[in-house]
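Per-entry structural report
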Amino acid sequence: MNDVGKPEYVTQERVIKLFVSELGYRYLGDWTDRDGNSNVEDGILSGWLAERGYTPEQIRAALYKLRTEADNYSRNLYANNEAVYKLLRYGVQVKTDPAKPTETVKLVDWEQPDKNDFAIAEEVTLKGNHERRPDLVLYVNGIAIGVIELKNSRVSIGDGIRQSLSNQTPEFNAWFFSTVQVVFAGNDSEGLRYGTIGTEDKYFLRWKEDEEDNSHFKLDKYLLKMCRKDRLIELMHDFVLFDGGVKKLPRVHQYFGIKEAQKHVSQKKGGIIWHTQGSGKSIVMVLLAKWILENNPNARVALITDRDELDKQIERVFTEMGEPIKRTTSGLDLMQQLGQATPRLLCSLVHKFGRKGVNDFDAFIKDLEAKPSQTVGEVFVFVDECHRTQSGKLHRVMKAMMPNAVFIGFTGTPLLKKDKTTSQEVFGGYIHTYKFSEAVADEVVLDLIYEARDIDQRLGSVGKIDAWFEAKTKGLNDWQKEELKKQWGTMQYVLSSASRMNRVVSDIVFDFSVKPRLSSHRGNALLVASSIYEACKYYTLFQKTPLKDKCAVVTSYNPMTRDVTLEETGANTETDKQFIYNTYTELLQNVAATPGTNKTETYEEQAKKLFTKEPANMKLLVVVDKLLTGFDVPPCTYLYIDKSMQDHGLFQAICRTNRLDGEDKDFGYIVDYKDLFKKVEKAIAVYTSELDHSAGGVDPEVLMQDRLTKGKERLDNATEALTLLCEPVEPPKGELEHIHYFCGNTEIPTDLQEREPQRVAFYKGCVALVRAYANISDELDRAGYSFGDIARIKKQIDYYLDVREIVRKASGETLDLKPYEADMRHLIDTYIEADEPRKISFFDNMGLLELIVKTGIANAISTQLGGLKGDKNAISEVIENNVRRKIIKENLNDPAFYEKMSALLDEIIAARKAKAIEYEEYLKRIAALAAKVEAGVAEETPEELNTPGKRALWNNLGQNEDLALKIDECVKHVRPDGWRGVQAREQVIKAAIYGVVQDADEVERIFLIVKAQGEY
């Protein structure tokens, strides 16, 4: 049989078979109608513990402790999950006899994976606040540790991820996820993605292994890899992190990097782990250090960095992950600490190992080698950013002081060929590599887009300035251009100055007006200046622009009077040092230093915090050297370079822009005012020095994409994707045909929901098209489009945006809140609508039904559906879909009432389609129905039923007013606080309802209605 377009359950049955026959899991059954489904199945866990020889008293005590931690309603899901993980990982401490010592009940056999009871259940109905049913749940010894959401091939994995995330909210079934370690989502077309509790959609990961094996669906292949008994146990034991409020699992390169490193350290061999910038080196360091300390009782781990901020970052990461770490004050302090048995985990700065006044370095090293420091235990030294200072003299000092230590170097940058020998002498060969091009391909970091700007050539005269303004604003619509012209008057004097720096400032300020990611206030930028003087100069120039108060300078300079005591010349002019001193004195004037820091440190911490958390309020940081390494800020999108840099320093700087940050950040953008890079065919190479190729695998070169070449490719792809998406729409492809394709038949209630994947794909396609257009809208001709092409593209965008608006209205969806449309309104207002600014109306945020109720159906049609140009069928279907959506959404709250409304809607649709009523009569009837559905109240409802809960009970109890009021009163009288999702508390309410109705089946039905009402 042809399985193209097969339903979801076919995939589900195949996956269950895979777990049972190939992975050796027990099948527990279909738990749709099973009562008491839980994340801790007491019977299974008790049976397994009994087989392990634990007494009934120990088992009862362990289960009680596990339940107490899993169901602690005073904590959030993260805290409960962390508490449960500690019990799984380290066992439960129980004391059943005061005369005997405390004993550990181990809930999982970590040493012998096969001795655990692995099982799978399907359709596990969860009776939390709102009923949900995960497709598959994985149990180890009766404890739910994995959840799998499957979709059919035509539905995005993203839908499965979002479903899992909503299941984890308190409104649904957060309680169930307190034991869950891995969350999977997959389908047959896209494969498998994995995360854990609280993992955002954008951070769900893909596994990659044995890529040449193409014998299975990718979904099956990677479930087999990840859920193999020994692998799943290992992932849970060695690779779970709780990092300051975020639970993390490893990316695939981190997993295999750590596995290789484990082999090396077990053999007391050092080496280099080269994982590109932004791919999570600190997590590798933490997990590897934890593994060494746990598996080798004599081990000590020292982490060495060469930047104070990196040292602080490492200390913070370890502390947040529950690993106490001693931060040493000097090389001597570190050696003294290593000369004692504790602490086992330390960190230090590399330059603390230096010694002043050493003329003969080689003799100094020989002297150290002859008298090495005494260390206790087996010392493993992790050296961060090992391509820098440590590869030289200072590293030889450490090696001489600790000749028996195992050295492991970590780098995010490719090694230069000239440094290869030194690095390999110090560390050994490569342990594991994960290069820039691999990280971009895996979507771990973003690709980089490059643009060189010759400011002198473009802004050298008044004529050039005007032409530059026209070119810069070419992509904007007319009214936006006018708005910018008003600001332009105040900017022109800055540009007309002979100063090159003024021109750079104007260029950057303009980008904040015309570049999509910057002008939407969701992204920000770094400017790299060549000196502290130039950084201060740039800062003062930006204070005269719209970026005033949204710009800061970060250089670590702290003004001291001794800096300027010898600078006064009496010539009434400032020297460079005086200018720096005066700039900082002024900007720190109102800063109150926090305890333990000076004013500069306080100011810079505040600026960095705003830059990271509130990009709209800190748009630009001017830096020299600081923040160009180890400063990971997702909103940072542009890097402007006005400083000569090369190789490692340059690569690390440009990587500040390539962290993931939502759908509207597609690339990191590099604007080069110094012409630093070399062209390589169609791309731009970051490194000018020759790189070391000895690691094998993919090419280590770091290449950036030309902005216009990549921009054209994206725009062409986005146009083609939408064309293909709309190809199945029936001819003549008018408004009604699009409504039918994207919303379905209004007579079939399930159509609207079933077609949601098509709508989501279309909305995403539209926003991708508009973003691609906005990014090069001012340079379409330079990108290679003819005038005819440009006119066609603009026409296509208008067409697809019109269709998008019709589909949105027809489906009753308000999508501006969706994450993938975060910047859509801004993009349309800035680049597309050309006539006039959009007027904000009181009715703008109203849904169609609310508008019909408040302003009448005629006004609602003209206000919201004017674009349908009087097409009566299209208008009717839009209104019907909106009514249907409301009925589906509210049905759980009051099933009887909304079933009645659904039947009435079916009648009206049938009458319209049979032409049994005139259009005017149809509008009257649909408007009356819309009013009822919007209000949620039937006309004949008694006045005493003055709350939604009372009305819902009345509707669903055969309109028996006395009975409805009795149940309402008894529920309000007995309800405990926070009763939803807590079985014992829910039983109190069920018992009260039973006291009124005396019918167990009726209790379950009424309880669901009570549970859906917010007032109880």
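Quantities reported herein were computed from a predicted structural model and do not represent experimental measurements. (Residues numbered from 1 in each chain as written. Predicted model: local features only at pLDDT ≥ 70, side-chain atom pairs only at ≥ 80, totals over all residues. Heavy atoms only, no water.)

Section: the overall build of the protein
Along the backbone of the protein there are 39 helices and 26 strands. Counting across all 1016 residues of the protein, residues that qualify as buried make up 54%. Looking at the protein alone, contacts between residues at least 24 apart form 70% of all its contacts between residues at least 6 apart. A total of about 44500 Å² of accessible surface is found on the protein, and carbon and sulfur atoms cover 50% of it. (Helix = DSSP H or I, 4+ residues; strand = E, 2+ residues; numbered from the N terminus. Buried < 20%, exposed > 50% of the residue type's maximum accessible area, 1.4 Å probe, protein only. Contact = heavy atoms within 4.5 Å. Areas by Shrake-Rupley, 256 points an atom, 1.4 Å probe, with all protein chains shown as cover.)

Side note on the side chain of R714
If you trace the backbone, R714 turns up in helix α25 (residues 707–726). Apart from the residues lying within four places of it in its own chain, the contact partners of R714 are D666, F667, Y669, R771, A772 and N775.

A short note on the confidence of the model for the protein
For the protein, the mean per-residue pLDDT works out to 85, and 88% of the residues sit at or above 70. When the criterion is pLDDT under 50, residues 834–844 qualifies, and its contacts beyond four places in sequence or with other chains add up to 15 contacts. (pLDDT = per-residue confidence, 0-100.)

So, the side chain of E41
Looking at the element boundaries, E41 is found in the loop between β1 (26–30) and α2 (42–51). Classification of E41 as buried rests on a relative accessible area of 7%. In this structure the side chain of E41 is engaged in a polar contact, spanning 2.8 Å, whose partner is the side chain of R34. (Polar contact = N/O pair within 3.5 Å; in protein donor to acceptor, adjacent residues only side chain to side chain.)

Regarding the sheet that holds strand β13 (residues 326–327)
The parallel open sheet is built from seven strands, whose spatial order is β13-β14-β12-β15-β16-β11-β17. Each edge of the open sheet is held by one strand with a lone partner, namely β13 and β17 (430–434). Of the strand pairs in this sheet, β13 and strand β14 (residues 345–349) are connected by two bridges, and their pairing is parallel. Residue pairing across strands places R327 opposite C347, the latter belonging to β14. Of the strands in this sheet, β11 (271–275), β15 (378–384), β16 (406–411) and β17 are in contact with helix α8 (residues 252–266), which crosses β17 at around 175°. (Pairing = 2+ DSSP bridges. Axes fitted to C-alpha atoms, helices over the stretch in contact; angles between N-to-C directions.)

Side note on the pairing of strand β6 (residues 143–150)
Counted residue by residue, β6 has eight buried out of eight residues, so it is predominantly covered. Pairing geometry for strand β5 (residues 136–140) and β6, over five bridges, is antiparallel. Paired with L136 across the strands is I148, a residue of β6. Joining the antiparallel neighbours β5 and β6 is a turn of two residues, in which N141 adopts a positive phi near 55°. Sheet topology places β6 next to strand β7 (residues 182–187); five bridges connect them, and they run parallel. Considered in β7, the bridge of E149 is made with A185. Considered for its hand, the β-α-β crossover made up of β6, helix α5 (residues 157–167) and β7 is right-handed. (Right-handed = clockwise from strand over helix to strand, strands pointing away.)

Brief notes about unusual backbone geometry
Cis rather than trans, the peptide bond between T342 and P343 has omega equal to 0°. Inspection of the secondary structure assignment puts P343 in the loop between α11 (331–338) and β14. A cis amide bond links P731 to the next residue, P732, at an omega of 5°. Take P732: it is sitting in the loop between α25 and α26 (735–743). The residue D675 is not glycine, and still its phi comes out positive at about 55°. Within the secondary structure, D675 sits in the loop between β23 (668–672) and β24 (678–680). Classification of D675 by relative accessible area gives exposed; the value is 61%. Even without a glycine there, the phi angle at K915 is positive, about 55°. Mapped onto the secondary structure, K915 falls in the loop between α34 (895–913) and α35 (919–935).

Considerations on the pattern of salt bridges
Where charged atoms of side chains with opposite charge meet at close range, the side chains can pair. According to the stated counting rule, one finds 57 salt bridges in the structure shown. D71 serves as the salt-bridge partner of R67, at 3.8 Å between the closest nitrogen and oxygen. Among the residues examined, R67 registers a relative accessible area of 23% and is labelled partly exposed. Three or more residues are tied together by salt bridges with common partners; here these are E451, R453, D507, D511, R707, E779 and R782. (Salt bridge = Lys/Arg side-chain N within 4 Å of Asp/Glu carboxyl O.)

Describing the nonpolar core
Among the nonpolar cores identified, the biggest contains 86 residues, and F19, L107, F184, L223 and F382 are the most heavily contacted of them. Per-element accounting of this core gives the leading share, 10 residues, to helix α9 (residues 281–295). When near neighbours in sequence (up to four residues on either side) are disregarded, L107 contacts L45, W48, L49, L66, L87, L88, V92, N141 and I143. With 79 residues, the next largest nonpolar core counts I449, Y450, A535 and L627 among its residues. (Core = buried A, V, L, I, M, F, W, Y, C linked by side-chain atoms within 4.5 Å.)

Structural notes on empty space enclosed by the protein
Counted under the stated rule, the structure contains six cavities of 30 Å³ or more. Approximately 80 Å³ is the volume found for the largest cavity. For the largest cavity, the full set of lining residues is Y85, R89, Y90, H237, D238, F239, V240, L287, K290, W291 and E294. Counting residues per element, the ones that place at least two in the lining of the largest cavity are α4 (77–90), α7 (229–238) and α9. Per-element tally for the lining of the largest cavity: the top contributor is α9, with four residues. (1 Å grid on protein atoms, 1.4 Å probe; cavity = no way out; pocket = protein on both sides within 12 Å on 5 of 7 lines; lining within 4 Å. Points joined across faces, edges and corners; volume = space filled by probe spheres on them.)

Looking at the environment of P546
Examined against the element boundaries, P546 turns out to sit in the loop between α21 (532–542) and β20 (551–554). Taking the relative accessible area as the measure of exposure, P546 reaches 47% and is therefore partly exposed. Expressed as a C-alpha distance, the spacing of P546 and F510, which sit 36 residues apart in the sequence, is 9.8 Å.

Topic: the pairing of strand β12 (residues 299–305)
Of all the seven residues making up β12, seven are buried; the element is thus mostly covered by neighbouring parts of the structure. Sheet analysis places β12 next to β15, joined by six bridges and oriented parallel. From the neighbouring strand, L303 faces β15, where its bridge partner is F382. Pairing of β12 with β14, which is carried by five bridges, proceeds in the parallel orientation. Opposite A302, over in β14, you have L346 as the bridge partner.

Here we look at the environment of N956
Its place among the elements puts N956 in helix α36 (residues 948–956). Sequence-wise, N956 and I1009 are 53 residues apart; in three dimensions their C-alpha atoms are separated by 8.4 Å. A polar contact of 2.9 Å, which involves the side chain of N956, links it to the backbone nitrogen of A896.

Examining the packing of aromatic side chains
Here the structure, examined in full by the defined rule, presents 29 aromatic pairs. Ring centres 5.7 Å apart and planes at 50° place the aromatic pair W31 and Y139 in the tilted group. Placement of the pair is W31 in the loop between β1 and α2 and Y139 in strand β5, with a sequence separation of 108 residues. In terms of burial, W31 and Y139 fall into one category: buried. Seen from their ring centres, Y741 and F742 are 4.9 Å apart, and the 75° between their planes marks the pair as edge-to-face. (Phe/Tyr/Trp six-rings, centres within 6.5 Å; stacked < 30°, edge-to-face > 60°.)

Some details on the sheet that holds β5
What the six strands build is an open sheet, ordered β1-β4-β5-β6-β7-β8; its pairing is mixed. Where the open sheet ends on each side, the last strands, each with one partner, are β1 and β8 (191–195). Neighbouring strand axes in the sheet, compared pairwise and without regard to direction, differ in orientation by 20° on average. Of the pairings in the sheet, the one linking strand β4 (residues 118–122) to β5 comprises five bridges and is antiparallel in character. Its bridge partner lying in β5, F118 is registered against V140.

Some words on helix α23 (residues 599–613)
For α23, built from 15 residues, the straight-helix expectation of 21 Å at 1.5 Å per residue is met to within 8% by its first-to-last C-alpha distance of 21 Å. Among the residues of α23, those classed as buried are T600, T602, Y603, E604, A607, K608 and F611. Packed against the buried residues of α23 are β19 (524–529), α21, β20, α22 (576–587), β21 (620–623) and β22 (636–642). The backbone nitrogen of T600 has a side-chain oxygen 3.1 Å away, supplied by the residue at the start of α23, namely N598. (Expected span 1.5 Å × (residues − 1).)

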